[in-house]
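# Structural characterization, general
Residue-level listing of the chains:
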Amino acid sequence: MKKLLSIFVFVLIASMAAQAQSGIGIRGGANFSNLEGDLRNESRFENKIGFHGGITFGVGIVDNFFFIQPELLYSTKGFKYENSEISLPTGTIQREGSMNYNYLDLPVLAKIKAGPIYFEAGPQASYLLSVNNKINESLNGERYSSTTTERDVDGLRRFEVGYAAGVGFATNSGISLGIRYNGSLSDFVNENPEEYFEGDLTNARHSTIMATVGFTFGR
């Protein structure tokens, strides 16, 4: 985590030293995440909804056309796993669960504006903060139990390198709306992948679509 924060500070200082037109902002929104790669039993894993939020720093390189924008975001990724049912004399218990991988993401994006439309792409470094397993149980369609359990991060890759790319719409008042894709270049199970989820995630990587809203101050 110290390495990720050091990279962010370095990028921020370098950007400020070279700034032509800069703006600090905030960003947040929804994540639609799952896994990609050479998965076994791929149908076992379903899309999960999470969220992201954090700060941005855009530096104008070519006035109102080309920017460099580092961001520091808290982002929840992961997947839902297949539902299960248990039949009892009193009715049917439905159980659904999701694995939540909580990351600190540092994308450094090159951003091109064409009027109100912008395009962005660049590398991303990520640090795994924590993992939890959330289980919801219902009896005959009515929820009666919801538990969240912290999971050990041992055996998982704490530091990942990936990429981000997206498109969006920005107003002169500083508000922006966008869609972004995050992908990873490395498998997130680092040790004994044959034991994690019965080996189904041996070559699994995070895959996330972000619906994001931003606001830049001072515009």
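See the structure shown above.
Structure report, in brief. Please read these numbers as outputs of a predicted model, since none were measured by experiment. (Residues numbered from 1 in each chain as written. Predicted model: local features only at pLDDT ≥ 70, side-chain atom pairs only at ≥ 80, totals over all residues. Heavy atoms only, no water.)

### Concerning empty space enclosed by the protein
Counting across every chain of the model gives two cavities of 30 Å³ or more. Here the second largest cavity is characterised by a volume of approximately 80 Å³. Forming the boundary of the second largest cavity are 13 residues, of which Lys77, Gln124, Glu160, Gly183 and Ser184 lie nearest the centre. Going through the elements one at a time, β6 (117-139), β8 (159-170), β9 (175-184) and β10 (204-216) are the ones with two or more residues in the lining of the second largest cavity. Sorting elements by how many residues they give to the lining of the second largest cavity places β8 first, with four residues. Taken together, the residues of the lining of the second largest cavity break down into two nonpolar, nine polar and two charged. (1 Å grid on protein atoms, 1.4 Å probe; cavity = no way out; pocket = protein on both sides within 12 Å on 5 of 7 lines; lining within 4 Å. Points joined across faces, edges and corners; volume = space filled by probe spheres on them. Helix = DSSP H or I, 4+ residues; strand = E, 2+ residues; numbered from the N terminus. Nonpolar A, V, L, I, M, F, W, Y, C, P; charged D, E, K, R; others polar.)

### Re a nonpolar patch on the surface
A cluster of nonpolar residues, Phe32, Ile49, Ile61, Val62, Phe65, Ile112, Ile117, Phe119, Val167, Phe169, Ile179 and Ile209, forms a patch on the protein surface that exposes about 1,000 Å² of accessible area. Those elements giving two or more residues to the nonpolar patch turn out to be β3 (48-62), β6 and β8. By residue number, the principal contributor to the nonpolar patch is β3, which donates three residues. Note on placement: Phe32 falls in strand β1 (residues 21-37). (Patch = residues over 30% accessible without salt bridge, like charges linked within 9 Å, V, L, I, M, F, W, Y side chains within 5 Å. Areas by Shrake-Rupley, 256 points an atom, 1.4 Å probe, with all protein chains shown as cover. Salt bridge = Lys/Arg side-chain N within 4 Å of Asp/Glu carboxyl O.)

### A look at unusual backbone geometry
Phi at Asn192 takes a positive value of approximately 50°, unusual for a residue other than glycine. Its location among the elements puts Asn192 in the loop between β9 and β10.

### As for the nonpolar core
Of all hydrophobic cores here, the largest spans 18 residues; its most connected members are Phe79, Tyr101, Phe188, Tyr196 and Leu201. Those elements that place two or more of their residues in this core are β4 (66-88), β5 (91-114) and β6. Examining the composition of this core, we find that three residues originate from one element, β5, more than from any other. Contacts of Phe79, omitting those with residues within four sequence positions, involve Asn34, Leu35, Phe45, Glu46, Lys48, Ser98, Met99, Tyr101, Phe197 and Leu201. (Core = buried A, V, L, I, M, F, W, Y, C linked by side-chain atoms within 4.5 Å. Buried < 20%, exposed > 50% of the residue type's maximum accessible area, 1.4 Å probe, protein only. Contact = heavy atoms within 4.5 Å.)

### Details of the pairing of β8
Side chains Glu160, Gly162, Ala164, Gly166, Gly168 and Ala170 of β8 all project onto a buried face; the interleaved residues Phe159, Val161, Tyr163, Ala165, Val167 and Phe169 project onto a face where none is buried. As defined by bridge partners, β8 adjoins β9 across nine bridges and the pair is classed as antiparallel. Bridge pairing links Gly166 to Arg180 in β9. Hairpin remark: β8 followed by β9, antiparallel, with four residues in the connecting loop; positive phi at Gly174, about 100°. (Pairing = 2+ DSSP bridges.)

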